[in-house]
Amino acid sequence: MSLRDTLKQREEQREAAQSGGEFPEGVTRYVRMGKHGEVNAEGRTFVILADPDDWFAYYVHEQSTFNGQRTIYHFRKHTCLHSPKGIRADQSAFKKPNPDACPSCLVGAPRKLYAMIPVYDLEYKTYRVIDTKEFHINNLIADYDKAEKMGRKFNPDYTLVGEAVHIKQVDKSFSLESGDASPEQLEEAKKFIGIDYEYEELANFREEADIVKLLHEADEEAKIDRDKLPPVSESNNEKPNEEINDDDLPF
Ligand SMILES: [Zn+2]
């Protein structure tokens, strides 16, 4: 095989690996939310793959301010190491920051609850996750419960799991209402109910040393206790961890 062919093949493999091999360029496992995302004011239809009790809840350290034009992050957002690694975890065990488990908890970096909702994407014919913060999750669950309650008036066993929903941006949050999908699409979606969605991988947990490093890079306004911040380890400088780009992150 010529060098040209080899390079071309490697490029294709890289692209396939990045997109999970199932998505066109620019589309990832994470559904892009917001005005310029896939779930915008017009919205998008998915099939819900799990009950809210089985959505993956975890924590993210983040602190930002909006300067009127754009959001400024005072340190790079990252997954809190003191987070559940799967669904149905004992949430009360993770409610409070844990300085022994996470350097960002140790320095008191602001910590927020996020959750991932597994959905089947009618267009790409595979599962994806809607990853969003507590405020939006609350609104989506309220709508979810409303829709389910309505369905149960006619059928006590009704569940929204496996049904089509339309999710769109409304005001500064998101809404969920029942959507349309063909019986064939619903049948396809069912294959993705209860599979392993690999949440731990999707949450992109960083190495401790990597987190210490990004905390050292925090700007002046970052609410962190710098006196408690461990030094950047030498070994980390010599052997940098595999870089996680912001594009690879769900949040
Ligand atoms: Zn933490």
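Values in this document were obtained by computation on a predicted structure and should not be read as measured data. (Residues numbered from 1 in each chain as written. Predicted model: local features only at pLDDT ≥ 70, side-chain atom pairs only at ≥ 80, totals over all residues.)

Caption draft 1: Focus on the overall build of the protein chain. Looking only at helices and strands, the protein chain has 7 helices and 9 strands in total. For the protein chain, with 251 residues in total, the buried portion stands at 28%. For the protein chain, the share of sequence-separated contacts (at least 6 apart) that also reach a separation of at least 24 residues comes to 67%. (Helix = DSSP H or I, 4+ residues; strand = E, 2+ residues; numbered from the N terminus. Buried ≥ 20, exposed ≤ 12 C-beta atoms within 10 Å, placed from the backbone. Contact = placed C-beta atoms within 7 Å.)

Caption draft 2: Structural view of the pairing of strand β7 (residues 126-133). Counting buried residues in β7 gives 6 out of 8 residues, a clear majority hidden from the surface. When strand β6 (residues 111-121) meets β7, the two strands line up antiparallel, connected through 8 bridges. Pairing of Ala115 across the sheet is with Thr132, part of β7. A loop of 4 residues connects β6 with β7, the two strands running antiparallel in sequence, and Lys125 in this loop sits at a positive phi of about 55°. (Pairing = 2+ DSSP bridges.)

Caption draft 3: A look at unusual backbone geometry. Non-glycine residue Arg88 carries a positive phi angle of around 55°. Mapped onto the fold, Arg88 is located in the loop between β5 (78-79) and α2 (103-106). Classification of Arg88 by C-beta neighbours within 10 Å gives exposed; the count is 10.

Caption draft 4: How the structure looks around the pairing of strand β2 (residues 56-61). Summarising burial for β2: 6 of the 6 residues are buried, a large majority. Going residue by residue along β2, you find Phe56, Tyr58 and Val60 tucked away on one face and Ala57, Tyr59 and His61 tucked away on the opposite face as well. Looking at chain direction, β2 and β6 are connected through 6 bridges and run antiparallel. Along β6, the bridge assignment pairs Ala57 with Ala115. Both β2 and β5 contribute to a ladder of 2 bridges, which runs antiparallel. Each bridged residue has a counterpart across the sheet, and for Val60 the counterpart in β5 is Thr79.

Caption draft 5: Molecular detail of helix α3 (residues 134-154). With 21 residues, α3 extends 31 Å between its outermost C-alpha atoms, agreeing within 8% with the 30 Å of an ideal straight helix rising 1.5 Å per residue. When α3 is considered as a whole, its buried residues turn out to be His136, Ile137, Leu140 and Tyr144. What you see down the axis of α3 is that its buried residues fit within an arc of 90°, all on one side. Turned more than 90 degrees off the buried face of α3, the exposed positions are Ala142, Lys146, Lys149, Met150 and Lys153. On the buried face of α3, the contacting elements are β6, β7 and β9 (173-178). (Expected span 1.5 Å × (residues − 1). Arc of directions from axis to C-beta.)

Caption draft 6: Geometry of the nonpolar core. Counting residues in hydrophobic clusters, the biggest one holds 52 residues, and the most contacted among them are Val47, Met116 and Val119. It is β6 that contributes the most residues to this core, 6 residues altogether. In this view, Val119 contacts Phe46, Val47, Ile48, Leu49, Tyr127, Arg128 and Ile130; residues no more than four positions away in its chain are not counted. (Core = buried A, V, L, I, M, F, W, Y, C linked by C-beta atoms within 7 Å.)

Caption draft 7: Spatial organisation of helix α6 (residues 208-216). Turning to α6, its buried residues number three or more, namely Ile211, Val212 and Leu215. Along the axis of α6, the buried positions cluster into a sector of 100°, meaning they face one direction only. Those residues of α6 that are buried are in contact with β5 and α2.

Caption draft 8: How the structure looks around the environment of Ile195. Topologically, Ile195 is positioned in the loop between α4 (183-190) and α5 (199-202). Under the C-beta neighbour-count criterion, Ile195 is labelled exposed, with 10 such atoms within 10 Å.

Caption draft 9: Quick look at the environment of Leu215. Along the chain, Leu215 turns up in helix α6. For Leu215, a count of 24 C-beta atoms within 10 Å translates into the label buried. Between the C-alpha atom of Leu215 and that of Arg226, which follows or precedes it by 11 residues, the distance is 8.7 Å. Sequence-distant contacts of Leu215, defined by excluding residues within four places in its chain, comprise Phe75, Pro103, Ser104, Val107, Ala109, Ile224 and Leu229.

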